[in-house]
Amino acid sequence: MFRARSIGIIFLLISTAFSTPIWAWDDVGHKITGYIAWQRLSPATRDKVIKILRSAPEDSHLGAFYIQYGPTTLAEKQLAYFILVPYWADIVRDQSVVERNRKYHRSTWHYSDTFWRQVNGRVEYITDKKPGGQGVVKLIEFDKAMRDPAVTYADKAIAMAWFLHIGGDLHQPLHTSGRHTDLEPTGDLGGNLFLISPEGTPPEDQLNLHWYWDSIVPRNIPYREGMGEVPYIRTVADSMMQRYPFDSLSGTLTLGKYDEWQKETFSFAPTEVFRSDLKRFVTPSNEYLRNAYRVSEQRLALAGYRMGETLEQIFKN
């Protein structure tokens, strides 16, 4: 009975993992931040973190993901499981798993927008609106929960999964930006309303700027035929860490200062996202694509370092 039930859970998890729509960094981006964070954890901390994650409430399915990896070495099994965890908060968006979606999905936790407009080429902040999203607030809350000895492992597991997800999200510039224009007088929903497909494209075929930045990694470095997921993530993430090694960014970690993470990421929106060569209803140029990937490499590496060092700091003892 347990075996049959486990197989059913695994099938459900695999199917929902691949059927969930892409939001924020896509699954590749989140798994890269997970891989990089894992490199910053000591062996003892890794064991502690895995133990906590596997203690997640059964209805979250978070702990059950561990079952699907094997047979393999323990180290590879733990790595494959851990790099999936930052993507869990997008998996629970799947509305076909009704109770899980209702209990664990929170759309406003994935971003913290700064509202702004461009006036004569300069940024003008809009301060008379309610805060856009709860990303920073939730990072503070989940950091506190992970540190609190009175919080159960089950609750720490959910806090950790959300922390790893939101921490990644807030390093994507369009998860910190609410740009106002004449066409979007109340904001562009983090670039979701900025279309880069030709004007008149049917709604089901339209592509937007937010999607463009979310999926920047696999469109620059596509999967090679026959290459497994973990080897692909390892190859891409190792390349990012070579380009942006920990020592070169260690002075900018600002651990625990989540509002500073958000402000830092937002600074890329007016300068690197909404560049002068970006045009509405036009596919961005190859030069824009290369620059977007360069920015994303740095953001993903830094996100992974920050989250890994935070978990090491919290759970090393």
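Residues numbered from 1 in each chain as written. Predicted model: local features only at pLDDT ≥ 70, side-chain atom pairs only at ≥ 80, totals over all residues. Heavy atoms only, no water.

Let us now look at the sheet that holds strand β2 (residues 122–125). Reading across from one edge, β2-β1-β3 is the order of the three strands in this open sheet, with mixed pairing throughout. Since the sheet does not close on itself, it has two edges, and those belong to β2 and β3 (177–179), each with one partner. Neighbouring strand axes in the sheet, compared pairwise and without regard to direction, differ in orientation by 40° on average. Summarising the sheet, strand β1 (residues 114–119) and β2 pair through four bridges and their orientation is antiparallel. If you follow W116 over to β2, its bridge partner there is Y125. (Pairing = 2+ DSSP bridges. Helix = DSSP H or I, 4+ residues; strand = E, 2+ residues; numbered from the N terminus. Axes fitted to C-alpha atoms, helices over the stretch in contact; angles between N-to-C directions.)

Helix α4 (residues 74–84) packs onto helix α3 (residues 43–53) with a crossing angle of 60° between their chain directions and a minimal axis gap of 11 Å. By the angle between their directions, the pair α3 and α4 is classed as oblique. Between α3 and α4 the crossing geometry is left-handed. Of the residues in α4, those in contact with D47, V49, I50 and L53 of α3 are Q78, Y81 and F82. Grouping the amino acids of the contact of α3 with α4 by side-chain chemistry returns five nonpolar, one polar and one charged. (Parallel < 35°, antiparallel > 145°, perpendicular 65-115°, else oblique. Left-handed = near helix turned anticlockwise from the far one by under 90°. Contact = heavy atoms within 4.5 Å. Nonpolar A, V, L, I, M, F, W, Y, C, P; charged D, E, K, R; others polar.)

Core analysis: the biggest nonpolar cluster contains 88 residues, and I32, L62, F82, W88, L209 and V217 have the highest contact counts within it. Here this core takes 14 residues from helix α15 (residues 286–315), the largest share from any one element. (Core = buried A, V, L, I, M, F, W, Y, C linked by side-chain atoms within 4.5 Å. Buried < 20%, exposed > 50% of the residue type's maximum accessible area, 1.4 Å probe, protein only.)

We now examine the side chain of T176. With respect to the helices and strands, the residue T176 is situated in the loop between α8 (153–169) and β3. Of the polar contacts made by the side chain of T176, one reaches the backbone oxygen of P173; its length is 2.7 Å. Once residues within four sequence positions are removed from consideration, T176 is found in contact with S112, D113, T114, L170, Q262, T265 and F266. (Polar contact = N/O pair within 3.5 Å; in protein donor to acceptor, adjacent residues only side chain to side chain.)

To continue, consider the packing of α3 against α8. Where α3 contacts α8, the axes come no closer than 7 Å and their chain directions differ by 105°. The angle between α3 and α8 places the two elements in the roughly perpendicular class. Across the interface between the two elements, K48, V49, K51, I52 and L53 of α3 pack against Y153, K156, A157 and M160 of α8. By residue class, the composition of the contact of α3 with α8 is six nonpolar, no polar and three charged.

Let's shift gears to the packing of aromatic side chains. Per the stated rule, a full pass over the model turns up 16 aromatic pairs. Relative to F82, the ring of W38 has its centre 4.9 Å away and its plane inclined at 40°; by these criteria the two rings are tilted. Placement of W38 in helix α2 (residues 27–39) and of F82 in helix α4 is noted, with a sequence separation of 44 residues between them. By relative accessible area, W38 is classed as buried at 4%. Seen in terms of ring centroids, W116 and F274 are 5.8 Å apart; in terms of plane orientation they differ by 65°. Their pairing is edge-to-face. Within this pair, whereas W116 is found in strand β1, its partner F274 is found in the loop between α14 (268–273) and α15, the two being separated by 158 residues in sequence. For the residue pair W116 and F274, the accessibility class agrees, reading buried in each case. (Phe/Tyr/Trp six-rings, centres within 6.5 Å; stacked < 30°, edge-to-face > 60°.)

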